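# Commentary on secondary and tertiary structure
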Amino acid sequence: MNALSLVPMFLVGLAGSVHCIGMCGGIVGALSLGGGAGAAAAPTRPVIAIAVARPAVQSNVLRVLAYNGGRIGSYMLAGAMAGSLAGAGMLHLASLQVAGYWLANLMLVALGLYLMDAWRGLAHLEAAGNVVWRRVRPLLKPLMPMDTPLKALAVGGLWGWVPCGMVYSALLTAMMQGSALHGAATMAAFGLGTLPTLLGMGLLGTRLRAQMQRRPVRIASGLLVLGFGLLGLLRAANGVSLGWLDALCVTGHP
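Given the structure is predicted, the values throughout are model-derived calculations rather than measurements.

Reading the values: the criteria
- Residues numbered from 1 in each chain as written.
- Predicted model: local features only at pLDDT ≥ 70, side-chain atom pairs only at ≥ 80, totals over all residues.
- Heavy atoms only, no water.
- UniProt positions renumbered as here; feature names shortened; annotations may be inferred.
- Helix = DSSP H or I, 4+ residues; strand = E, 2+ residues; numbered from the N terminus.
- Phe/Tyr/Trp six-rings, centres within 6.5 Å; stacked < 30°, edge-to-face > 60°.
- Buried < 20%, exposed > 50% of the residue type's maximum accessible area, 1.4 Å probe, protein only.
- Patch = residues over 30% accessible without salt bridge, like charges linked within 9 Å, V, L, I, M, F, W, Y side chains within 5 Å.
- Areas by Shrake-Rupley, 256 points an atom, 1.4 Å probe, with all protein chains shown as cover.
- Salt bridge = Lys/Arg side-chain N within 4 Å of Asp/Glu carboxyl O.

### Points about the UniProt feature "transmembrane region" (unreviewed entry) in the protein
- The residues that UniProt annotates with the feature "transmembrane region" (unreviewed entry) are residues 74-93, 99-116, 150-171, 183-205 and 217-237.
- The distance from the first to the last C-alpha atom of residues 99-116 is 26 Å, and the span holds 94% helix and 0% strand.
- Regarding residues 217-237, the helix share stands at 100% and the strand share at 0%, and the terminal C-alpha atoms are separated by 30 Å.

Structure follows, in structure tokens:
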């Protein structure tokens, strides 16, 4: 694995961040309210336009960065766990490698359609993930309000386990990397791709959310992710190299 091979995962995260706005937008937007009080418990709390002192602005920035650091850290942990499955020998059989490669790219196709609201099949996968989330959610209560960077870091670490079809798609790609280290790196690239939008959401609030949820933006983002998936499927179907286009394939051919 090299840095170039991580670029497609970064772009998938960047394009998919329009979905993150819906999943994480409420809690990230709450961090920009100035004190973080009642961030998750009172998402409808009105935002009053006032001049914020510099120390308060700095505190908001630190909490937004801490939240996203915890979130990406949880992605990396999940990626390491997924990658270790292959490293432990579960995907060493050629037939399993090929099946995993096809499935990873099919998941990208599904994600692209999901982002465009053309097909909502991944919503069923997110519903299945609620089994894990029900066990994690009670841990959030002692961390509210998120009035310190340390609390925001912990909330981000827990929030990374929220059922999300986009994350599941990325995790399947991480599993195909064959090691815990490469799986973690794959999810780090994905998480960093989501970072610009969620940082902007935390600092700008609902203004950015409204723009990112516009249908043209969702369609463009979905088409980008769909393109990655279709390119990978084309490579799998032909069983040959696509030349320089191989650099855009999210998973390496088995």
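### Topic: the packing of aromatic side chains
- For the structure on display, the rule yields 1 aromatic pair.
- Plain terms: the ring middles of Tyr75 and Phe190 are 5.7 Å apart, the flat faces sit at 50 degrees to each other, and that makes the pair tilted. Residue Tyr75 is located in helix 2 (residues 54-90), and its partner Phe190 is located in helix 8 (residues 180-204); the two are separated by 115 residues in the primary sequence. Each member of the pair Tyr75 and Phe190 is classed as buried.

### Observations concerning a nonpolar patch on the surface
- A surface patch of nonpolar side chains, about 340 Å² in accessible area, is lined by Val98, Trp102, Leu103 and Leu106.
- Looking at the element boundaries, Trp102 is found in helix 3 (residues 94-115).
- Relative accessible area serves as the criterion here: at 34%, Trp102 is assigned to the partly exposed category.

### Some words on the pattern of salt bridges
- Per the counting criterion, the structure on display carries 3 salt bridges.
- A salt bridge links Arg120 to Asp117, with the nearest nitrogen and oxygen atoms 3.1 Å apart.
- The class of Arg120 is partly exposed, set by a relative accessible area of 43%.
- For Asp117, the salt bridge goes to Arg218, with nearest N and O atoms at 3.6 Å. Taken together, the positions of Asp117 in the loop between helix 3 and helix 4 (122-128) and Arg218 in helix 10 (residues 215-238) put the pair 101 residues apart, joining distant regions of the chain.
- Residue class for Asp117 comes out partly exposed when judged on its relative accessible area of 40%.
- Assessed through its relative accessible area of 9%, Arg218 is described here as buried.

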